Amino acid sequence: MQTLTAFDRYLTTFMARNPWTNVYGAVRSLLAFGTFCTLLFNDTGILFRPIAGMTECPNCVGMAQYSLFCVLGNLELARWLSMGILALVVIGIYPRFTALLHVYVGFSLMSTVILVDGGDQVTLVLSFLLLPLALTDPRKWHWSAAPGVEKTTYWFQVRKMVALTSYTLLRLQVALIYFEACVGKFKVTEWADGTAIYYWFSNPVFGLSPEVHSLLLPILANRWCIVLLTWSVLIFEGSLFLGLTLDAKYRKYLLWMGIAFHFMIILIHGLPTFFMAMTSALLIYLRPFDQPFSLKPVMRTFFPPLTLRYRTAESSPEVATASA
């Protein structure tokens, strides 16, 4: 009887997991919804406007000439078409067809729009790295139950291997984002000496409102409090990077702490789309992808007629095998 090596056991366990669950579906939807909000609540006059050294809007130079806004020429039409594509991604219809369009819209936004932030960059990178996962997804809807893992056909196993490898690369990418966020700050004097939070909170554009700033001034003026707040950010971002090595049962606590951390950034700096992008990153990083979210409470609340159909599908033999 042949003895399995440690690698064989790892590979068997690795391939037994099903990558196509609503966990990655939620990530896709949240990424697309953040970009959708950017386009919905900002008209073309805000998104495309001259800046120093650039008089043409959009600036269709280099790779930007292939963006949707440059190809169509009509900025308003391109904006609404982009929102239509993103709406399909949010809904989750045919991920293997909408995934490429999602990446294209993200590229178009990053290459031509003036008002972008780190969240838009993260969205483009993650949506690109999600491509192997989405293109191999056999489902018609990324919220539906995962396909059976008992299929042993060669091409199904190849597709699953590609999808699972994509998950590994995605987790590594998010870990590197937090590693750079932590280590990169030490190059900045204000982060190293513990005063950066004071300057960020006092920034007239991205900082606290005048009322909140006045209320927190005793804390902001205290040297020890500022140093503690500043270095706590560095320590926490370093801890998020180390989440790559944590056991799955402990990652959920780090996940909720990370979401709360980025929610505080909304309250302080007013960056909701950045919150959506980083929450998506945390879900793909710390949430076990083969443990799907339960849709029963949502369907029971908003779609009562579909609840029975969902229960029937969930109790089918194929789904039961996939969930085991």
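Whatever comes next refers back to the structure up there.
It is worth spelling out the overall build of the protein at this point. Check the secondary structure of the protein and you find 19 helices and zero strands. In the protein, the share of contacts with a sequence separation of at least 24, taken over all contacts with a separation of at least 6, comes to 74%. With an accessible surface of roughly 17,800 Å², the protein has 70% of that area assigned to carbon and sulfur atoms.

Once that is clear, we can look at unusual backbone geometry. Positive phi, normally seen in glycine, also occurs at Tyr 94, with a value near 40 degrees. Of note, Tyr 94 is situated in the loop between helix H5 (75–91) and helix H6 (95–112).

The tally for this structure, following the rule as stated, stands at one disulfide. Cys 60 shares a disulfide with Cys 70; S-S distance 1.8 Å. When the S-S torsion is -95 degrees, as for the bridge of Cys 60 with Cys 70, the disulfide is left-handed. Of this pair, Cys 60 sits in the loop between helix H3 (44–47) and helix H4 (68–72) while Cys 70 sits in helix H4; the two residues are 10 residues apart in sequence, bridging distant segments of the chain. Cys 60 gets classed as partly exposed once you look at its relative accessible area, which sits at 33%. According to the relative accessible area criterion, Cys 70 is buried, its value standing at 17%.

Further remarks concern the pattern of salt bridges. What the rule picks out here adds up to three salt bridges. Arg 79 is paired through a salt bridge with Glu 76; the nearest N and O atoms lie 2.6 Å apart. Within this pair, Arg 79 and its partner Glu 76 are both found in helix H5, separated by three residues, close to a single helical turn.

Okay, the environment of Thr 98 next. In this fold, Thr 98 is placed in helix H6. Residue Thr 98 is classed as buried on the basis of its relative accessible area of 7%. Separated by 36 residues in sequence, Thr 98 and Ala 134 have C-alpha atoms that sit 8.6 Å apart. In this view, Thr 98 contacts Arg 28, Leu 88, Val 89 and Ile 93; residues no more than four positions away in its chain are not counted. Among the polar contacts made by the side chain of Thr 98, one reaches the side chain of Arg 28 at a distance of 3.0 Å.

Here helix H2 (residues 22–40) contains 19 residues, and its C-alpha end-to-end distance of 25 Å stays within 8% of the 27 Å for a straight helix at 1.5 Å per residue. In terms of burial, H2 is largely enclosed, as 15 of its 19 residues are buried.

Attention shifts here to the packing of aromatic side chains. The way to describe two aromatic rings as a pair is by their centre distance and the angle between their planes. Scanning all chains against the criterion turns up 10 aromatic pairs. Between Tyr 198 and Tyr 199, the ring centres sit 5.5 Å apart and the planes meet at 80 degrees, which makes this aromatic pair edge-to-face. Residue class for Tyr 198 comes out partly exposed when judged on its relative accessible area of 32%. Between Phe 236 and Phe 261 the ring centres are 5.2 Å apart and the planes differ by 55 degrees, which places this aromatic pair in the tilted class. A residue pair is termed long-range when its members are at least 10 positions apart, and Phe 236 in helix H14 (residues 223–242) and Phe 261 in helix H15 (residues 248–269) qualify at 25 residues.

Right, let's get into the side chain of Arg 28. The topology assignment puts Arg 28 in helix H2. Buried and unpaired, Arg 28 has no salt bridge, with Asp 137 as the nearest side chain of opposite charge at 6.6 Å. Residue contacts for Arg 28: discarding those within four places in its chain leaves Val 89, Pro 95, Thr 98, Ala 99, His 102, Leu 130, Ala 134 and His 142.

With that settled, the discussion passes to the packing of helix H7 (residues 118–129) against helix H9 (residues 154–183). H9 packs onto H7 with a crossing angle of 160 degrees between their chain directions and a minimal axis gap of 10 Å. Here H9 runs roughly antiparallel to H7, going by the angle between their axes. The element H7 and its partner H9 pack so that their crossing is right-handed. Between H7, through Val 122, Val 125, Leu 126 and Leu 129, and H9, the contact on the second element is made entirely by Ser 166, Leu 170, Gln 173, Val 174 and Ile 177.

With that settled, the discussion passes to a nonpolar patch on the surface. A cluster of nonpolar side chains, namely Leu 88, Ile 91, Ile 93, Tyr 94, Phe 97 and Trp 141, defines an oily patch on the protein surface of about 540 Å² accessible area. Inspection of the secondary structure puts Trp 141 in the loop between helix H8 (131–135) and H9. Among the residues examined, Trp 141 registers a relative accessible area of 37% and is labelled partly exposed.

Rules used in this analysis
- Residues numbered from 1 in each chain as written.
- Predicted model: local features only at pLDDT ≥ 70, side-chain atom pairs only at ≥ 80, totals over all residues.
- Heavy atoms only, no water.
- Helix = DSSP H or I, 4+ residues; strand = E, 2+ residues; numbered from the N terminus.
- Contact = heavy atoms within 4.5 Å.
- Areas by Shrake-Rupley, 256 points an atom, 1.4 Å probe, with all protein chains shown as cover.
- Disulfide = S-S within 2.5 Å.
- Buried < 20%, exposed > 50% of the residue type's maximum accessible area, 1.4 Å probe, protein only.
- Salt bridge = Lys/Arg side-chain N within 4 Å of Asp/Glu carboxyl O.
- Polar contact = N/O pair within 3.5 Å; in protein donor to acceptor, adjacent residues only side chain to side chain.
- Expected span 1.5 Å × (residues − 1).
- Phe/Tyr/Trp six-rings, centres within 6.5 Å; stacked < 30°, edge-to-face > 60°.
- Lys, Arg positive; Asp, Glu negative; His and termini not counted.
- Axes fitted to C-alpha atoms, helices over the stretch in contact; angles between N-to-C directions.
- Parallel < 35°, antiparallel > 145°, perpendicular 65-115°, else oblique.
- Left-handed = near helix turned anticlockwise from the far one by under 90°.
- Patch = residues over 30% accessible without salt bridge, like charges linked within 9 Å, V, L, I, M, F, W, Y side chains within 5 Å.

Everything listed here is a matter of geometry and, on its own, says nothing about what the molecule does.
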